[in-house]
Amino acid sequence: MKLSDRRLAQRFSLAIPLYIRAWKSPAPEQKVESVNVSECGAYFETDTPPSEGAMMQIRLDMPREVTGDPTVEWRCTGKVMRVQPARFPGTLLGVSVRFDYYEVSRTADSLLALASSGRI
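Residues numbered from 1 in each chain as written. Predicted model: local features only at pLDDT ≥ 70, side-chain atom pairs only at ≥ 80, totals over all residues. Heavy atoms only, no water.

Caption draft 1: Main features of the overall build of the protein chain. Per the secondary structure count, the protein chain includes two helices and six strands. Overall, the protein chain shows an N-to-C arrangement of helices and strands of β-β-β-β-α-β-β-α. Long-range contacts, defined as pairs at least 24 residues apart, comprise 56% of the intrachain contacts of the protein chain with a sequence gap of at least 6. Accessible surface for the protein chain amounts to roughly 7600 Å². Of this, 52% is attributable to carbon and sulfur atoms. (Helix = DSSP H or I, 4+ residues; strand = E, 2+ residues; numbered from the N terminus. Contact = heavy atoms within 4.5 Å. Areas by Shrake-Rupley, 256 points an atom, 1.4 Å probe, with all protein chains shown as cover.)

In structure tokens form, the structure reads like this:
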């Protein structure tokens, strides 16, 4: 197995909303849906894919299934690693993004949930 084929984190087949845009772009976010997601990245399908190697900003509510913690908003910056034909023939292309950086938005509700679970 090539080193580039090894996964750093478990993938979860979850369809969750992702809000994406080119890095530092003033353009509005585009809403897409994940095919799978992990703590290290996401894969989604779109009819307007970014270029391979492009930097993206992604906002999502990272689910408990992935982190083990209550769902919180993540604001990520990542690199498009791959653009390929989607799972099913058609006009969509699959986009794989590796998260290089993320910030977790801790709202009052998420802090309360973390405190009640003993995580903070």
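Caption draft 2: Region of the structure containing the pattern of salt bridges. For the structure shown, the criterion picks out four salt bridges. A salt bridge links arginine 59 to glutamate 73; the shortest N-O distance between them is 3.3 Å. Of this pair, arginine 59 sits in strand 4 (residues 55–62) while glutamate 73 sits in strand 5 (residues 72–85), and the two are 14 residues apart along the sequence. By relative accessible area, glutamate 73 is classed as buried at 17%. With a closest N to O distance of 2.7 Å, aspartate 100 and arginine 98 form a salt bridge. For aspartate 100, a relative accessible area of 40% puts it in the partly exposed group. Sharing partners across several salt bridges, the network here consists of Glu29, Arg59, Glu73 and Arg75. (Salt bridge = Lys/Arg side-chain N within 4 Å of Asp/Glu carboxyl O. Buried < 20%, exposed > 50% of the residue type's maximum accessible area, 1.4 Å probe, protein only.)

Caption draft 3: Region of the structure containing the nonpolar core. Formed by 21 residues in total, the largest nonpolar core has its most connected members in Leu18, Val37, Ile58, Leu60 and Phe99. Counting only elements with at least two residues in this core, the list comes to strand 1 (17–22), strand 2 (30–37), strand 3 (41–46), strand 4, strand 5 and strand 6 (93–105). Other than its neighbours up to four places away in sequence, leucine 18 contacts Gln30, Lys31, Val32, Ser34, Ala42, Phe44, Ile58, Arg59 and Leu60. (Core = buried A, V, L, I, M, F, W, Y, C linked by side-chain atoms within 4.5 Å.)

Caption draft 4: How the structure looks around the pairing of strand 6. Looking at chain direction, strand 3 and strand 6 are connected through six bridges and run antiparallel. Within strand 6, the residue paired with tyrosine 43 across the bridge is serine 96. One ladder, built from 12 bridges, connects strand 5 with strand 6; its direction is antiparallel. Its bridge partner lying in strand 6, tryptophan 74 is registered against valine 104. (Pairing = 2+ DSSP bridges.)

Caption draft 5: Examining the sheet that holds strand 5 more closely. Taking strand neighbours around the barrel as the criterion, the six strands line up as 1-2-3-6-5-4 in a closed arrangement whose pairing is antiparallel. In this sheet, neighbouring strand axes are inclined to one another by 40° on average, regardless of whether the strands run parallel or antiparallel. Of the pairings in the sheet, the one linking strand 4 to strand 5 comprises eight bridges and is antiparallel in character. Opposite arginine 59, over in strand 5, you have arginine 75 as the bridge partner. (Axes fitted to C-alpha atoms, helices over the stretch in contact; angles between N-to-C directions.)

Caption draft 6: Fine view of unusual backbone geometry. Residue lysine 24 is not a glycine yet carries a positive backbone phi of 60°. Among the secondary structure elements, lysine 24 is positioned in the loop between strand 1 and strand 2. Taking the relative accessible area as the measure of exposure, lysine 24 reaches 64% and is therefore exposed.

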